[in-house]
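Listed here are the chains, written in short residue letters.
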Amino acid sequence: MVPIILSIVLLITLIFSISIMIRKRKNAGITGIKSALTPIFLYLIAITNLFAYWFDFMGLLNWSITVVLLIFGAYFTKFMPISKM
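What counts and what doesn't
Residues numbered from 1 in each chain as written. Predicted model: local features only at pLDDT ≥ 70, side-chain atom pairs only at ≥ 80, totals over all residues. Heavy atoms only, no water. Helix = DSSP H or I, 4+ residues; strand = E, 2+ residues; numbered from the N terminus. Expected span 1.5 Å × (residues − 1). Contact = heavy atoms within 4.5 Å. Buried < 20%, exposed > 50% of the residue type's maximum accessible area, 1.4 Å probe, protein only. Polar contact = N/O pair within 3.5 Å; in protein donor to acceptor, adjacent residues only side chain to side chain. Phe/Tyr/Trp six-rings, centres within 6.5 Å; stacked < 30°, edge-to-face > 60°. pLDDT = per-residue confidence, 0-100. 1 Å grid on protein atoms, 1.4 Å probe; cavity = no way out; pocket = protein on both sides within 12 Å on 5 of 7 lines; lining within 4 Å. Points joined across faces, edges and corners; volume = space filled by probe spheres on them. Nonpolar A, V, L, I, M, F, W, Y, C, P; charged D, E, K, R; others polar.

Asks: Let's hear about helix 3 (residues 60-75): which residues, and what values?
Replies: For helix 3, which comprises 16 residues, the first-to-last C-alpha distance of 22 Å matches the rise-based estimate of 22 Å (1.5 Å per residue) to within 8%. Buried residues along helix 3 sit against helix 2 (37-54).

In C-alpha cells:
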C-alpha cells in the first residue's frame, strides 16, 4: 500500500513541478528548448526511477541511464539563463 501512495505522491509532485516550471518560463519570457533541457533531463531521472521501481528493474541499466541523464542535465546548464536578482 505504501509504494502505491508514494508513487502517486511522486506523480502529483512531478505534474505540479512541471506546471510551475512552465509558468515561470512564460513569465520570464524564456523561449527555446536548450534552456529547458536541464529540467527535462532531471524530470526524466525521476520518471526513469519510478518506472524502474514499478517494473522491478532496479539494476545496472537503471543506474547507467540515471547517470547518463544526470551528466546531460549538468552539461546543458550552460544554456540556462542567468537569474537577475
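Back to the write-up after that little detour.
Asks: Just give me the short version of the side chain of serine 7, but keep the residues and values in it.
Replies: Looking at the secondary structure, you find serine 7 in helix 1 (residues 2-28). Here serine 7 falls in the buried class, since its relative accessible area comes to 7%. Polar side-chain contacts of serine 7 include one of 2.9 Å to the backbone oxygen of proline 3. When neighbours within four sequence positions are excluded, serine 7 is seen to be in contact with Leu50 and Trp54.

Asks: Describe the packing of aromatic side chains, with residues and values.
Replies: What the rule picks out here adds up to 6 aromatic pairs. Ring geometry for phenylalanine 41 against phenylalanine 72: centres 5.5 Å apart, planes inclined by 35 degrees, an arrangement best described as tilted. With phenylalanine 41 in helix 2 and phenylalanine 72 in helix 3, this residue pair connects regions lying 31 residues apart in the sequence. Since its relative accessible area comes to 15%, phenylalanine 41 is described here as buried. A connected cluster of aromatic rings, assembled from ring pairs, spans Phe41, Phe72, Tyr75, Phe76 and Phe79.

Asks: Describe the side chain of serine 35, with residues and values.
Replies: Tracing the chain through its elements places serine 35 in the loop between helix 1 and helix 2. Within the local environment of serine 35, its side chain forms a polar contact with the side chain of arginine 25, the two groups lying 3.0 Å apart. Not counting residues within four places of it along the chain, the set of residues in contact with serine 35 comprises Arg25, Ile30, Phe79, Met80 and Pro81.

Asks: Which residues make up the confidence of the model for the protein, and what values do they have?
Replies: Across the protein, the average pLDDT comes to 92, with 99% of residues at 70 or higher. Per-residue pLDDT, averaged within each element of the protein, yields its smallest value for helix 1 (93) and its largest for helix 3 (96).

Asks: How would you explain the layout of surface pockets if you had to name every residue and give the values?
Replies: Empty space within the largest pocket amounts to approximately 170 Å³. Taken together, Met21, Lys24, Arg25, Ala28, Ile30, Ser35, Pro39, Met80 and Pro81 make up the lining of the largest pocket. When its residues are assigned to classes, the lining of the largest pocket shows 6 nonpolar, 1 polar and 2 charged.

Asks: Could you give an account of helix 2, naming the residues involved and the relevant values?
Replies: When the terminal C-alpha atoms of helix 2 are compared, their 25 Å separation across 18 residues agrees well with the 26 Å that a helix rising 1.5 Å per residue should span. Those residues of helix 2 not exposed but buried are Leu37, Thr38, Pro39, Phe41, Tyr43, Ile45, Thr48, Leu50 and Ala52. Next to the buried residues of helix 2 lie helix 1 and helix 3. The first or second residue beyond helix 2 is aspartate 56, which carries a positive phi of 50 degrees.

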